[in-house]
Amino acid sequence: MSKLVKKLARAASVLALVSMVASPSAIKAQTAPTPVEVKALVGGTVIDVLNGKNISDAVVVIEGDRITAVGPRSSVAIPQGAIIIPAEGKWISPGLMNMHVHLGLNLPGASYIYNENPQARILRMTINGRKTLEAGVTTVRLTGEENGSDFVVKKAFDEGSFDGPRIATVGQIIVPTGGHGTLEADGPDGFAKAVRQQIKAGATWIKFSISGGISDTHGSIAAAPMTDDELRVGIEVAHRNGAKVTAHNGAPVAALKAMEYGVDSFEHGYYFTDPVLKMMKQKGTWLIPTMVVSQPGALEFYKRIGSPQWYLERQKVVGAEHLAMLRDAVRIGVPIALGTDQFPFEPNNGTTATVSEAETYVLAGMTPMQALQAATTMPARMLGMEADIGSITAGKYADILILPADPSKDISALRTIDLVMKGGKTVYRRAPKATN
Ligand SMILES: [Zn+2]
């Protein structure tokens, strides 16, 4: 190498170094701060789900993705330059939350999607995420997905590259070999490892199937196939890593054991007895009832997708007992968070599965306000996200619904939604007229 070339090379590398050091500050100087968009919902009635009352003729101020002020028009100033969203004669509710969702659901039957590869499934889940928002559901807990698809979809929604709900996810369902789920583990060590793998991948919840499922072709829904050691160690390892644990459950004996070891919630609750429900109330263990899958509204759905006759028969029997269980749970005062086990937007009983589920809670003895809380404040608490979501409160994300009627008086008011906002962004508007 000649002296000149060496010199040039040295100069070039120094230059490169200088530009590397210089570039971040140069970029900083060129980028003006993005102005935060300010919006104000004006004149509507805010449903205060935290205190169980309403604020009429209210103003809700939103700056960026958060609510910054809420109150009667007489006490909350509308910031200058705010985009006004008129809400006179309307009700303002927090976005709904659905705590039992599979965005990649692919049920056995005529509409089963064959040969769907993981990439195609992710695309379908992304579309289902948008439909979920359009159904007024701004937060979901995913209770079992495949191949890490949930972590990819969650990242895309969180980054805002696609519109979809906020997601908490369990990753894959962990089961003993032959259990109701796909990630099989055996022995306490096997369960510990499976739990750690899901948490490593991004799960903030862990789900075990501690009994059988309605769609299983073998075993009993009332069986309790996990050993005590598997259950105890699995829950302990999850909790040590900051994850909560939910259990797919139908067997009272398995439920009592799981509560002894500190399980955080139960899905479905088929066949739960008074002693189980009373212990749940005492320990604060959450119930996610998923009523819509067992009630008559779902039978049309199962027929449509071509479910086999034995499945329809089993469904009918389970349905009546399931509703009786929910009545007991409501009477006893078990903490309940809404979940459907159908797509949040799935047609059910003339509305969406989410709204049909809330209506079933009223049928089982909740007041409309309690049913609305089961879809807002309660799930927020269950997720440990009550500082960020679940009510129309200053400081929380602007996850908001505008409705033409009051769901705290009649839960079926949720059947018609005028506008859905997630993090201050309008993601659905029923009327074609656009004001922001
Ligand atoms: Zn499920």
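Source: prediction; values computed, not measured.

## A short note on the overall build of the protein chain
- When you go through the protein chain residue by residue, the secondary structure sums to 12 helices and 19 strands.
- Burial analysis of the protein chain (436 residues in total) assigns 46% to the buried set.

## Overview of the pairing of strand 11 (residues 205-209)
- The buried fraction of strand 11 is high, at five of five residues.
- The alternating pattern of strand 11 places Trp205, Lys207 and Ser209 and Ile206 and Phe208 on opposite faces, both of which are buried.
- With five bridges connecting them, strand 11 and strand 12 (residues 244-249) associate as parallel partners. The partner of Trp205 across the bridge, within strand 12, is Lys244.

## Things to note about the sheet that holds strand 6 (residues 96-101)
- The parallel open sheet is built from three strands, whose spatial order is 6-7-8. Across the chains shown, the open sheet's two edge strands, defined by having one partner strand only, are strand 6 and strand 8 (166-169). Neighbour-to-neighbour, the strand axes of this sheet turn through a mean angle of 20°, independent of strand direction.
- Across four bridges, strand 7 (residues 137-142) lies against strand 8 in parallel orientation. Residue pairing across strands places Leu142 opposite Thr169, the latter belonging to strand 8.
- Together, strand 7 and strand 8 form the strand contacts of helix 3 (residues 149-159), whose direction differs from that of strand 8 by roughly 155°.

## Considerations on the pairing of strand 17 (residues 400-403)
- Side chains Ile400 and Ile402 of strand 17 all project onto a buried face; the interleaved residues Leu401 and Leu403 project onto the opposite face, where all are buried too.
- Note that strand 17 and strand 18 (residues 419-422) share three bridges and pair antiparallel. What sits directly across from Ile402, in strand 18, is Leu419.

## Some words on the nonpolar core
- Grouped together as the largest cluster of nonpolar side chains are 113 residues, with contacts concentrated most on Val60, Ile92, Ile206 and Ala374.
- A per-element tally of this core places strand 2 (residues 53-63) first, with six residues.
- When we break this core down by domain, the ones giving at least three residues each are domain 2 (38-89 + 392-429) and domain 3 (96-383).
- For Val60, the residues in contact, after removing those within four places along its chain, are Ala40, Leu41, Val46, Ile67, Val70, Ile92 and Ile392.

## Some remarks on the packing of helix 6 (residues 252-260) against helix 7 (residues 274-283)
- For the pair helix 6 and helix 7, the least separation of the axes is 10 Å and the interaxial angle reads 20°. Classified by the angle their axes make, helix 6 and helix 7 are roughly parallel. In this structure, helix 6 crosses over helix 7, and the sense of that crossing is left-handed. Here Pro252, Ala255, Leu256 and Met259 of helix 6 lie close against helix 7, whose contacting residues are Val276, Met279 and Lys283.
- Partitioned by chemical class, the residues of the contact of helix 6 with helix 7 number six nonpolar, no polar and one charged.

## Topic: helix 4 (residues 187-201)
- With 15 residues, helix 4 extends 21 Å from end C-alpha to end C-alpha; this agrees with the ideal 21 Å at 1.5 Å per step.
- Among the residues of helix 4, those classed as buried are Phe191, Ala194, Val195 and Gln198. Buried residues of helix 4, viewed axially, fall in a sector of 100°; they line one side. Opposite the packed face of helix 4, turned more than 90 degrees from it, sit the exposed residues Asp189 and Lys200.
- Positioned one or two residues after helix 4, Gly202 has a phi angle of 130°, which is positive.

Thresholds, definitions, all that
- Residues numbered from 1 in each chain as written.
- Predicted model: local features only at pLDDT ≥ 70, side-chain atom pairs only at ≥ 80, totals over all residues.
- Helix = DSSP H or I, 4+ residues; strand = E, 2+ residues; numbered from the N terminus.
- Buried ≥ 20, exposed ≤ 12 C-beta atoms within 10 Å, placed from the backbone.
- Pairing = 2+ DSSP bridges.
- Axes fitted to C-alpha atoms, helices over the stretch in contact; angles between N-to-C directions.
- Contact = placed C-beta atoms within 7 Å.
- Core = buried A, V, L, I, M, F, W, Y, C linked by C-beta atoms within 7 Å.
- Domains from an automatic or database assignment.
- Parallel < 35°, antiparallel > 145°, perpendicular 65-115°, else oblique.
- Left-handed = near helix turned anticlockwise from the far one by under 90°.
- Nonpolar A, V, L, I, M, F, W, Y, C, P; charged D, E, K, R; others polar.
- Expected span 1.5 Å × (residues − 1).
- Arc of directions from axis to C-beta.

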